[in-house]
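One letter stands for each residue in the lines below.
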Amino acid sequence: MRFNIVTIFPNIFDSYLNESMMKRARAKKLVDVRVHDLRNFSRDRHRKVDDRPYGGGPGMVIKIEPLARALGSILKSKIKNQKSKIVLFSVNGKQFTQKMAHDWAKKYDRLIMISGHYEGVDERIFSLLKAKSYKLEAISIGPYVLTGGELPAMVVIDAVSRHIPGVLGKEESLEERRYGVGIPVYTRPEIFKYKEENYRVPGVLLSGDHKNIEKWRKGHKK
C-alpha cells in the first residue's frame, strides 16, 4: 500500500518511518510512504502556505492554492484501477477505529492524508475534490485537539499497516486474531521481588494446559 502525506513539517516523519515495524515493512516494499512538503507547492517567494481567515478570528488557515496543487500532483500519478482514499485530519472528523484500519487495508491501494495545521484548511478543498469525482473525508484520532495532523497520520499508517499481509510476524498476527487486543502478558522471571513483595506470574500460564490458558486469556481480555 502507498501512503501519501501532505504536510508542512516533512521531517517529523523521519525517525518513525526508519525504525521498527515500519522500517522492515518499507524495506520489504510492503508499504510505500511518500511525504510531500506543502511549501514546495506554494508560488509565494517566501513559500507561504497560510493566511488570515475571512470574517476575522484568531490563527491562520492553510491556503487552498498550494493544497490543490499538491493533491493534483499526487492524484496525477494514479495507477490504473488503483483505489485511493483521501482524508483530512480534523478535530471535527469521524472517529478513526480499528475496524476502519482493517477495512482501509483491504479496500484501498493508496491513502492520501492531509495533515492540517493552524486553524485548519480552506473549506473549499472539499468542493474542489468533489468536482473532480473524489471524496475527502475528515478524520479524527480522538476527542482532543492536536497541534497538527502529523501525529494522526503516523497513527493511521501504523494501524492500517498492521493489517497488510507480511507486515507483522505470524505469531503477532495470530494473537490479534484469536484474542483481540489487550490480553495481559507476562515473561521471565516467574517471581519478581520488589521491596519485600513478590509478584508472581498467574499459575495457569505455567501449567502447560493450553486449553485452560486459552480460556484464561479470553476471560481476561481488557
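Residues numbered from 1 in each chain as written. Predicted model: local features only at pLDDT ≥ 70, side-chain atom pairs only at ≥ 80, totals over all residues. Heavy atoms only, no water.

**Examining the pairing of strand S6 (residues 110–114)**
Burial within S6 is extensive, with 5 of its 5 residues counted as buried. The alternating pattern of S6 places Arg110, Ile112 and Ile114 and Leu111 and Met113 on opposite faces, both of which are buried. Direction of pairing for strand S1 (residues 2–7) relative to S6: parallel, over a ladder of 5 bridges. Paired with Ile5 across the two strands is Met113, which belongs to S6. Viewed along the sheet, the connection from strand S5 (residues 84–95) through helix H4 (residues 98–107) into S6 turns out right-handed. (Buried < 20%, exposed > 50% of the residue type's maximum accessible area, 1.4 Å probe, protein only. Helix = DSSP H or I, 4+ residues; strand = E, 2+ residues; numbered from the N terminus. Pairing = 2+ DSSP bridges. Right-handed = clockwise from strand over helix to strand, strands pointing away.)

**Some points on the packing of H4 against helix H6 (residues 150–161)**
Geometry of a packed helix pair, given as the angle between the helix axes and the separation of the axes. Packing of H4 against H6 brings their axes to within 8 Å, and their N-to-C directions diverge by 70 degrees. As summarised for this structure, H4 and H6 are arranged roughly perpendicular, according to the angle between their axes. Both H4 and H6 take part in a crossing whose hand is right-handed. On the side of H4, the interface is formed by Ala101, Trp104 and Ala105, while H6 contributes Val156, Ala159 and Val160. (Axes fitted to C-alpha atoms, helices over the stretch in contact; angles between N-to-C directions. Parallel < 35°, antiparallel > 145°, perpendicular 65-115°, else oblique. Left-handed = near helix turned anticlockwise from the far one by under 90°. Contact = heavy atoms within 4.5 Å.)

**Some remarks on the side chain of Asp50**
The residue Asp50 is located in strand S3 (residues 50–51) in this model. Leave out the neighbours within four places in its chain, and Asp50 touches Met60, Val61, Ile62, Lys63 and Tyr118.

**Considerations on the side chain of Glu137**
With respect to the element layout, Glu137 can be found in strand S7 (residues 136–140). Within polar-contact distance, the side chain of Glu137 engages the side chain of Lys85 at 2.5 Å. (Polar contact = N/O pair within 3.5 Å; in protein donor to acceptor, adjacent residues only side chain to side chain.)

**Overview of the UniProt feature "binding site: S-adenosyl-L-methionine" (unreviewed entry) in the protein chain**
This chain's UniProt record puts "binding site: S-adenosyl-L-methionine" (unreviewed entry) on Gly116. Its location among the elements puts Gly116 in the loop between S6 and helix H5 (124–131). For Gly116, the residues in contact, after removing those within four places along its chain, are Leu88, Phe89, Val121, Gly148 and Gly149. (UniProt positions renumbered as here; feature names shortened; annotations may be inferred.)

**Let's talk about the pairing of S5**
Regular strands have side chains that alternate between both faces of the sheet. Sheet topology note: the S5/S6 ladder contains 5 bridges and is parallel. Bridging across to S6, Leu88 finds its partner in Ile114. Here S5 runs beside S7; their pairing, made up of 6 bridges, is parallel. Bridge pairing in S7 links Gln95 to Ser140.

**Structural notes on the packing of aromatic side chains**
Scanning the entire structure with this criterion turns up 4 aromatic pairs. On the numbers, 5.4 Å between centres and 45 degrees between planes, the contact of Phe96 with Trp104 is tilted. Aromatic side chains Tyr186 and Trp216 sit 6.5 Å apart centroid to centroid with 55 degrees between the ring planes, which places their arrangement in the tilted category. One end of the pair, Tyr186, is in the loop between helix H7 (170–179) and strand S8 (191–194); the other, Trp216, is in helix H8 (residues 210–219), and 30 residues separate them in sequence. A connected cluster of aromatic rings, assembled from ring pairs, spans Phe192, Tyr194 and Tyr199. (Phe/Tyr/Trp six-rings, centres within 6.5 Å; stacked < 30°, edge-to-face > 60°.)

**Describing the nonpolar core**
Counting residues in hydrophobic clusters, the biggest one holds 31 residues, and the most contacted among them are Phe3, Phe96, Trp104, Met113, Val156 and Val160. For this core, the elements supplying multiple residues, two or more each, are S1, helix H2 (20–27), S5, H4, S6 and H6. In terms of residue count, H6 provides more of this core than any other element does, 6 residues in total. Ile62, Ile64, Ile125 and Leu136 belong to the second largest nonpolar core, which has 20 residues in total. (Core = buried A, V, L, I, M, F, W, Y, C linked by side-chain atoms within 4.5 Å.)

**Regarding the domain arrangement of the protein chain**
When cut into domains, the protein chain gives domain 1 (2–172) and domain 2 (182–220). In this structure, domain 1 and domain 2 have C-alpha centres spaced 41 Å apart. (Domains from an automatic or database assignment.)

**Observations concerning the environment of Gly116**
Accessibility expressed as a relative area gives 11% for Gly116, which makes it buried. Each C-alpha atom of the pair Gly116 and Thr147 lies 8.8 Å from the other, and the pair is 31 residues apart in sequence.

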